[in-house]
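The lines below spell out each chain.
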Amino acid sequence: MAVLIGLCLAMASPAQAAESASRPIAFTHIEAVRSPWDASAPPATGWASVALPDVWTARWPTFDGVVWYRLRWQQASDAPERALLIDYLNMAGAVYLNGTLMRSDASLVEPLTRAWNTPRYLRLPAPLLHPGENVLLVRVSGLAAYQPGLGAVTIGDPVALGQAYAHARIMRYDLQLVSLAVTATLGCFFLSLWLMRPRETAYGWFSVMSLAWWWVALNQVATSTWPFAGTHGWERANSAALLVYAAAFTMFIVRYSERRLPWIERTLWALVALGVLALALVPDSDVGVARSTLTIAQAVVFFMTCGVFLVFAWRRGRADQRVVAASVAVFFAAGLHDLLTFLGVLHDNMYYSALTAQLQMVSMALMLAWRFVATLRRVERFNDDLNAGIAQARGELAQTLTRHHELEMANARLAERVRLAHDLHDGLGGTLVSAIAEHEYASETLPSGRSLSILKELRDDLRIIIDAASSHELGEYALAAQIGSLRHRLMRLFEQQHIACSWTLEGLDGCRLSGARGLDLMRIVQEALTNVLKHSHATRAQVELRREGSALHLAIEDDGVGFDVADHAPLGAGMRSMRARAARLGGALSVESGGEGTRVRLSVPFSSEAG
């Protein structure tokens, strides 16, 4: 806002302010003469009448050097205090009043002081003014390629000219500094945004455009040619920056319009590269022609881009694009004025692009920020929806897990019932079968204590089942002792049925199993031998259990009638129980049966239980 207010205040030209001063001085003669670079005083002859503002290339088209301007006026003896205002001089100069040096720039030869856009205000000392004719001598050092000459010169009331100078200073220097600061800030800010979000190419091109324009606008306030050796080097770089700016402006407009023009974009940057190369290689004598040609070329690109964007924004653009289009229209008008000034069609030496560019860049920056905020809001809404979806999914997942847990509990209870049934079948069932067989095949009445012994065996089997149901870890038991007890009980039954049964036990010393694993292994042995007793009609059976490395190997064979393994319905729950127990042990159970008997084999991994 301060920039716009200052711009409005500064629109009045210094010449108009000077005209309002009370009784400004009218010059009787204004003349100019040229001289070499090293001349300390103007030549005596060769003076030509001129009008200010003056660009000397109209008379001396290729002259690089010094031109002296001599302004004469009549001073009354009772004249009031006077002041001097020089609108501009290009490129550097010195001011003399009646032969006395009043002010001089730092360098009047190459590399020249760049004072072309700086107004000069001097109070004229009364002792140096005298009645009659007075002479103001202005030395101007310049190069033909850069519109050398002298702007409007006014002598009049110090207060009025001071106000005019203040306006000129704001217009030509202060606002330019503000413009540079704003341009650099916006360029760096959107460059950082682009580095964080490389996909937002509009941010990147805006930053390139801003930083390139910063270098172009620096031409308005720079007072030296550093870091270049001379004026030609500075102007080459400035013209190159102008080419980059025009191309980056076009790229930004294309991306901001959400378009891509690959062929046109490649051609544009190829032309920029050729233009920069031409500026670097062209000799100093042709820099002016090269600058003019390339300036016109970039102006054509710039104006075409502006025109296409204005039409696009008006017909199909969004609200933010139309805001940018309005600022582009203002900059378009300022650019047209500056192009005509650069080409010498206009002679006011005032360039407005560096000032109006801020309106354009600020509006562009605000619209980019608006789009950025809109994107953030969409992201926030998406996050809110996502959080709501996650909360809903969590609730559904919790319900699913609850149902799953209930099913697991039901399955666990069912599995426990099945396991208990298998234990009853394999334990109590086997003991009962053995007791029945013993009574059935006994040749004589059993001893009186045998019934009590059978009841104790049933009690021991029941105790094992209860202990296994109360804990999966019953402690560790010696496998040899467990096998020995089972062997003792079963051998009597085999003897009563006249079945020869042999046992081979190897490597079981120090082998210990947890109660649950030992129970499963014993039940498999018990069920397999019970099946031999009940179904095989065998005359011989063999049990082999050995430990080999980290595995236990069990083999039970008989020479009975066998059965169809594919249809093991006659064995019923016993076979299913054996397979379930083998799975819990992590082993592999195989059953082979035929006319020559039945073979049951089991391999169980064994490591952690070793003593």
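Cut-offs and rules
- Residues numbered from 1 in each chain as written.
- Predicted model: local features only at pLDDT ≥ 70, side-chain atom pairs only at ≥ 80, totals over all residues.
- Heavy atoms only, no water.
- Pairing = 2+ DSSP bridges.
- Helix = DSSP H or I, 4+ residues; strand = E, 2+ residues; numbered from the N terminus.
- Axes fitted to C-alpha atoms, helices over the stretch in contact; angles between N-to-C directions.
- Contact = heavy atoms within 4.5 Å.
- Buried < 20%, exposed > 50% of the residue type's maximum accessible area, 1.4 Å probe, protein only.
- pLDDT = per-residue confidence, 0-100.
- Phe/Tyr/Trp six-rings, centres within 6.5 Å; stacked < 30°, edge-to-face > 60°.
- Lys NZ or Arg CZ within 6 Å of the ring centre and 35° of its normal.

## Here we look at the sheet that holds strand β9 (residues 120–124)
Strands sit in the order β9-β5-β12 across an open sheet of 3 strands; the sheet is antiparallel. In the strand order of this sheet, the two ends are held by β9 and β12 (153–156), each with one partner. Shown here is a sheet whose adjacent strand axes are inclined to one another by a mean of 15°, direction ignored. Sheet contacts for helix α3 (residues 158–196): β5 (82–86), β9 and β12; angle to β5, the most-contacted strand, approximately 25°.

## Quick notes on the pairing of β12
Alternating residues of β12 divide into Val 153 and Ile 155 and Thr 154 and Gly 156, and every residue in both groups is buried. When β5 meets β12, the two strands line up antiparallel, connected through 4 bridges. Residue pairing in the sheet places Ile 86 in a bridge with Val 153 of β12.

## Some words on the sheet that holds strand β7 (residues 92–97)
Pairing within the open sheet is antiparallel, and its 6 strands lie in the order β2-β1-β4-β10-β7-β8. Edge positions in the open sheet fall to β2 (48–49) and β8 (100–104), since each of these has one partner strand only. In the sheet, β7 pairs with β8 via 4 bridges, with the strands oriented antiparallel. The residue of β8 that forms the bridge with Leu 97 is Thr 100.

## A short note on the side chain of Asn 219
In this fold, Asn 219 is placed in the loop between α4 (201–218) and α5 (231–256). The class for Asn 219 is buried, based on a relative accessible area of 10%. Those residues in contact with Asn 219 that lie beyond four places of it in its chain are Arg 114, Trp 116, Trp 234, Glu 235 and Asn 238.

## Notes on the confidence of the model for the protein
Averaged over every residue, the pLDDT of the protein is 81; residues scoring 70 or more account for 80%. Long-range and interchain partners of residues 1–21, a stretch whose pLDDT sits below 50, account for 25 contacts in this model, where long-range means more than four residues apart. Residue range residues 470–474 is modelled with pLDDT below 50. Its contacts to residues more than four positions away, or to other chains, number 6 contacts.

## What about unusual backbone geometry?
Of the consecutive residues Glu 110 and Pro 111, the connecting peptide bond is found in the cis state with omega at 0°. With an omega of 10°, the peptide bond between Trp 226 and Pro 227 qualifies as cis. Following the sequence through the fold, Pro 227 ends up in the loop between α4 and α5. Even without being glycine, Gln 147 reaches a positive phi, approximately 50°.

## Remarks on the packing of aromatic side chains
Here the structure, examined in full by the defined rule, presents 19 aromatic pairs. Ring centres of Phe 189 and Phe 190 lie 5.1 Å apart, and the angle between their planes is 85°; on these two criteria the pair is classed as edge-to-face. When the centroid spacing of 6.3 Å and the interplanar angle of 85° are considered together, the rings of Phe 228 and Trp 234 count as edge-to-face. Judged by relative accessible area, Phe 228 falls into the partly exposed class, the value being 29%. Members of the aromatic cluster, connected to one another through ring pairs, are Phe 189, Phe 190, Tyr 203, Phe 206, Phe 252 and Tyr 256. Geometry around Trp 60 places Arg 59 over its ring, the cationic atom sitting 4.8 Å from the centre.

## Re the pairing of strand β1 (residues 29–35)
Across the 7 residues that make up β1, a large majority, 5, are buried. In terms of strand pairing, β1 meets strand β4 (residues 65–75) through 7 bridges, oriented antiparallel. When the bridges of β4 are listed, Arg 34 appears paired with Val 67. Examined bridge by bridge, β1 and β2 share 2 bridges and lie antiparallel to one another. In the strand pairing of β2, Ala 32 is matched with Ala 48.

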